[in-house]
Amino acid sequence: MSTSLFLQLILHFVSGGFLVMLAVTVLRDNPANRLNRIAGGMLFFAGFGPVVMGTGAIIAASATQMGENRLLDTLSHIWELFFPLLVVFSWVFPLDRLKDFRYPRLRHLLFVPAFAHVVLLGFYAPLSGVLLSIKNSASDSGFSSILLVPFAKLASWLLLLIGLTHTYQDAIFGSINIILVLAAVYFFESGRAYVTNPRLLTQTQTIMWGLRVSLGVFVVATIGRLISPTAVAGSIYNSLLSLSALAGAVIFAVATIRHQFLDLRSFFRQSFVNTLASAALVGIAILLILKAETILEPLFGEQADIISYTFIALILLLFQPVNAWIDNIIRAMFIRTRTDHRNVIERFSRQVISLFEPNRLRHTIEEALQTTLLVERIYFVLYDDSVDEYALLPTDDHPRRIVLDRNDLMLRGINLLDKPTLLSSLADFREGAHLATLLDERQILLVLPLKDSTHLLGFIGLTDKISGYRYSSDDLNLLGVLSNQMVTALTNARLYSDSLERLRLQEEVTMARQIQLDLLPSSPPSYENVAISVHSTPSRTVGGDFYDFIKIDDHRFGIVIADASGKGMPAALLIAQIQAIIRSEVSNGNDIGKMLFNMNRQVHSSSSSEKFVTLFYGELDTRTRTLKYANAGHNYPVLARSNGSVELLITGGPLIGAFPSLRYQEASTVLEAEDFLFLFTDGLCEAMNEADQEYGEERLQTFVKDNRRHDPEALIQSILADVRSFDPADPPRDDTTIVALKIMGGITSGG
């Protein structure tokens with residue numbers, strides 16, 4: 001097999017297999033959704049062509065019979081069903097315009113050319129034979145020949161039409177496909193003009209880039225083949241088609257993985273990336289093993305045969321560590337993505353917890369739901385103290401505020417709910433309910449009750465998701481967690497509007513501040529070969545940040561830094577609970593993974609779901625300088641090595657308290673002399689300047705690396721000065737806590 005043929009086969013099978021696997025992933029996640037079915041079918045047929053082309057190239061190289069090549073040539077054109085599906089896809093994404101068509105079934109006519117091409121290739125010979133037989137039968141003598149004269153003329157014309165079509169099939173069907181491509185691009189561009197949702201707009205822009213690249217390559221290759229068939233031979237044309245498919249598939253996958261295109265669940269997106277990474281790694285390993293002797297021969301000559309065995313053994317030994325490393329990178333990527341539900345909870349909590357102005361709070365909630373879940377429209381029904389009734393608040397499409405009767409049957413049914421529920425499930429409460437009519441007029445699909453421990457504060461009505469995306473079980477769980485945070489935020493907003501409540505809150509905050517100060521250590525521990533400094537500044541009187549040092553024995557101590565959700569007394573009490581659990585677990589001698597597992601279980605079972613903590617815990621042995629640690633959803637501590645390299649302490653698991661039965665992994669690293677460990681909370685890296693730009697973790701990591709030679713206190717003061725120059729807000733917008741530790745060398749004398 002020649003090198004060029006080998007490269008062609010790799011291109012065909014990689015591009016085709018990639019597209020088929022992506023199609024299966026899309027269909028498996030939600031086959032009931034029309035957009036998923038159309039996208040999955042489109043991707044499947046786009047991948048079917050390169051796979052058949054690759055198979056045909058193998059058969060051609062092995063001099064297989066012509067009949068099999070003709071069959072494969074026919075099958076290879078089935079991929080042209082991609083083009084009508086592309087047009088249909090442009091009608092339903094980014095906005096579903098197909099439902100507004102007067103005659104939607106006419107879209108099936110788009111598939112006629114593709115089917116006609118396949119039939120023409122597969123049945124040209126027998127069809128021509130039948131028509132020729134009818135034509136010749138008219139020349140026979142007898143009465144039957146007279147009757148067949150009209151049919152013979154029709155057969156002659158059909159024979160001429162089929163012959164011309166078969167002769168110029170590349171020009172005819174290539175032109176039709178180009179027309180379909182141009183039509184699809186037009187519909188995509190016109191549909192994008194109506195997109196206002198930020199996340200959907202990002203998805204659309206990414207998909208459009210993929211279409212421009214892949215379809216541009218296809219159009220150039222097709223036109224080139226029509227103009228100069230000799231210059232663009234069959235193998236070159238097929239390779240360009242596979243390259244076009246691969247380019248589009250890669251950008252399509254990026255939109256799916258990074259921007260949650262088609263609303264695929266995080267599980268499917270992550271498993272898809274894991275499959276791709278594993279397949280690529282296995283393919284590279286197999287290729288290196290097969291080509292080991294060829295690779296080594298220029299370097300070692302006759303000894304290459306012997307050395308190749310060592311080379312293969314090295315590849316096998318490195319395979320598992322490299323695969324684990326890639327898996328950790330993928331997992332970290334999905335944990336930090338903005339569409340990951342754990343990340344959404346953290347961001348949403350930070351946004352709403354300090355908002356007390358009702359209109360801004362509702363706007364923030366609406367924006368978060370539209371951006372995260374792609375909800376098309378959102379309606380609020382909230383209790384109005386001024387009229388002592390519930391009111392349906394005005395929106396752009398319904399500008400009138402409507403006061404509801406608290407005895408409305410539908411409102412009483414919603415009061416019985418304790419989780420997000422489909423409106424169709426409340427059919428028993430519709431009879432005579434004015435609220436049910438109002439919700440139907442607004443096309444409400446899902447009801448999100450907002451209840452504290454005793455009262456219904458109101459509810460949020462959600463319409464269908466953009467482009468027909470369905471509400472998954474993950475979405476409902478996320479809405480359940482967010483609704484608790486909304487209740488807290490709405491309650492705080494109401495309390496803020498009352499002067500007496502403001503006074504009570506101030507007294508509570510003062511008490512919580514005292515609790516927090518009592519919990520913090522008076523000074524860091526002292527060791528001969530370890531220098532430690534700390535800094536903590538709450539954004540207000542009381543924040544959710546916390547740090548602690550726990551002596552284990554004369555040579556070992558624990559380090560804790562945490563950020564609890566919320567402010568005031570709830571945050572202070574949650575911090576007190578965390579500190580008590582940690583100290584109890586340390587005294588019991590549990591390992592770090594078991595400690596965080598027990599802590600998560602206790603916090604989740606003893607508090608509501610909106611109460612959670614991000615936390616980093618480590619244990620440093622000052623004699624061996626070994627640091628054992630686990631990170632529970634906290635900002636990654638920065639370990640600046642004395643040689644200038646930077647490591648992030650990532651290993652661990654999700655945040656504490658949001659979800660039950662989570663497992664946490666423990667890791668360890670050895671600190672060398674002059675190594676600098678920098679722990680912090682998000683208030684430091686999320687400081688924002690007047691241009692709404694964050695200080696950022698990358699800038700923070702660079703600052704720590706560049707100033708690692710300083711002692712901990714000097715570095716803390718330097719970075720605080722740098723952050724204040726970037727964001728001069730006083731007090732800071734969010735709590736800021738820093739624990740800085742440096743290995744000074746020498747032997748410990750105690751702690």
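Model, not experiment: these values are computed from the prediction.

The rules behind these values
Going along each chain's sequence as written, the residues are numbered from 1 onward. At least 70 in pLDDT is required for a residue's local features to be given in this predicted model, at least 80 for side-chain atom pairs to be given and counted, and no such filter applies to totals for whole chains, interfaces and linings, which use all residues. As a rule here, side-chain values come from all non-hydrogen atoms in the structure, and water together with hydrogens is ignored. Per-residue confidence from the predictor is given as pLDDT, running between 0 and 100. Whether two residues are in contact is decided by their heavy atoms: any pair within 4.5 Å suffices. Burial classes: relative accessible area under 20% of the type maximum marks a residue as buried, over 50% as exposed, and values in between as partly exposed (1.4 Å probe, protein chains only). For helices the rule is a DSSP run of H or I covering at least 4 residues; for strands it is a run of E covering at least 2, with both sets numbered from the N terminus onward. As used here, the arc is the angular range of directions from the helix axis to the C-beta atoms. Just to be clear on terms, a salt bridge is a Lys or Arg side-chain nitrogen sitting within 4 Å of an Asp or Glu carboxyl oxygen. We place a 1 Å grid over just the protein atoms. Points where a 1.4 Å probe fits but has no way out form a cavity, open points with protein on both sides within 12 Å along at least 5 of 7 lines form a pocket, and any residue with an atom within 4 Å of a point lines it. Grid points are joined across faces, edges and corners, and a volume is the space filled by probe spheres set on the points. In this classification, Asp, Glu, Lys and Arg are treated as charged, Ala, Val, Leu, Ile, Met, Phe, Trp, Tyr, Cys and Pro as nonpolar, and every other residue, Gly included, as polar. Patch definition: residues above 30% relative accessible area lacking any salt bridge, with like charges linked at up to 9 Å and the nonpolar side chains Val, Leu, Ile, Met, Phe, Trp and Tyr linked at up to 5 Å. All accessible-area figures derive from a Shrake-Rupley calculation using a 1.4 Å probe, and residue coverage is judged against the displayed protein chains alone. Positive charges are assigned to Lys and Arg, negative charges to Asp and Glu, while His and the chain termini are left out of the count. Axis lines are fitted to C-alpha atoms, over the contacting stretch for helices. Their N-to-C directions set the angle, which ranges from 0 to 180 degrees. Note on convention: near helix rotated counterclockwise from far helix by under a right angle means a left-handed crossing. Clockwise means right-handed. Note on pairing: two strands pair once DSSP finds at least 2 bridges between them.

Here the protein averages 80 in pLDDT, while 80% of its residues score no lower than 70. pLDDT under 50 marks residues 64-68. Its contacts with residues more than four places away, or in other chains, come to three contacts.

So, about helix 23 (residues 697-706). Burial in helix 23 covers these residues: E697, L700, Q701, F703 and V704. Within helix 23, the buried residues cover an arc of 160 degrees as seen down the axis, which keeps them to one side. In helix 23, the exposed residues that point more than 90 degrees away from the buried face are E698 and D706.

Next up on the list: the pattern of salt bridges. The tally for this structure, following the rule as stated, stands at 15 salt bridges. Where R377 meets E376, a salt bridge forms, and the shortest distance between an N and an O atom there is 3.9 Å. Among the residues examined, R377 registers a relative accessible area of 23% and is labelled partly exposed. A relative accessible area of 42% places E376 in the partly exposed class. For R641, the salt bridge goes to D675, with nearest N and O atoms at 2.6 Å. Of the two residues, R641 is situated in the loop between strand 12 (638-640) and strand 13 (646-648) and D675 in the loop between strand 15 (667-670) and strand 16 (676-680); the sequence distance between them amounts to 34 residues. Residue R641 shares its accessibility class with D675, and that shared class is buried. Put simply, E376, R377 and D397 are held in one network by salt bridges that share partners.

Okay, empty space enclosed by the protein next. All told, the structure shown has two cavities of 30 Å³ or more when counted by the stated rule. Here the largest cavity defines a volume of roughly 320 Å³. Surrounding the largest cavity, 26 residues form its lining, A46, F82, S214, A245 and G248 being those nearest its centre. Broken down by secondary-structure element, the contributors of at least two residues to the lining of the largest cavity are helix 2 (34-61), helix 4 (82-92), helix 9 (198-227) and helix 10 (234-258). Here the residues of the lining of the largest cavity sort into 21 nonpolar, five polar and no charged.

A separate point is a nonpolar patch on the surface. There is a patch of nonpolar side chains on the surface, built from W157, L160, L164, Y168 and I172 and spanning about 560 Å² of accessible area. Broken down by element, the nonpolar patch gets its largest block of residues, three residues, from helix 7 (residues 149-167). Along the chain, L164 turns up in helix 7.

Here we come to the side chain of R708. Note on placement: R708 falls in the loop between helix 23 and helix 24 (712-726). The buried charged residue R708 lacks any salt bridge, with D706 as its nearest oppositely charged partner at 5.5 Å. Beyond its immediate stretch of four places on either side in the chain, R708 contacts A640, R641, S642, N643, G644, F676, L715 and K742.

Where helix 23 contacts helix 24, the axes come no closer than 11 Å and their chain directions differ by 145 degrees. The hand of the helix 23/helix 24 crossing is right-handed. Contact residues: R699, L700, F703 and V704 in helix 23; L715, S718, I719, D722 and F726 in helix 24. Taken together, the residues that form the contact of helix 23 with helix 24 break down as six nonpolar, one polar and two charged.

Across the sheet, which stays open at both edges, the six strands sit in the order 3-2-1-6-5-4 with antiparallel pairing between neighbours. Of all strands in the sheet, those with a lone pairing partner are strand 3 (402-404) and strand 4 (421-422), marking the two edges. Bridge count between strand 1 (residues 378-384) and strand 6 (residues 456-462): five bridges; the pairing is antiparallel. Residue pairing in the sheet places I378 in a bridge with L462 of strand 6. With respect to the sheet, helix 15 (residues 358-373) is in contact with strand 1 and strand 6, its orientation differing from that of strand 1 by roughly 150 degrees.

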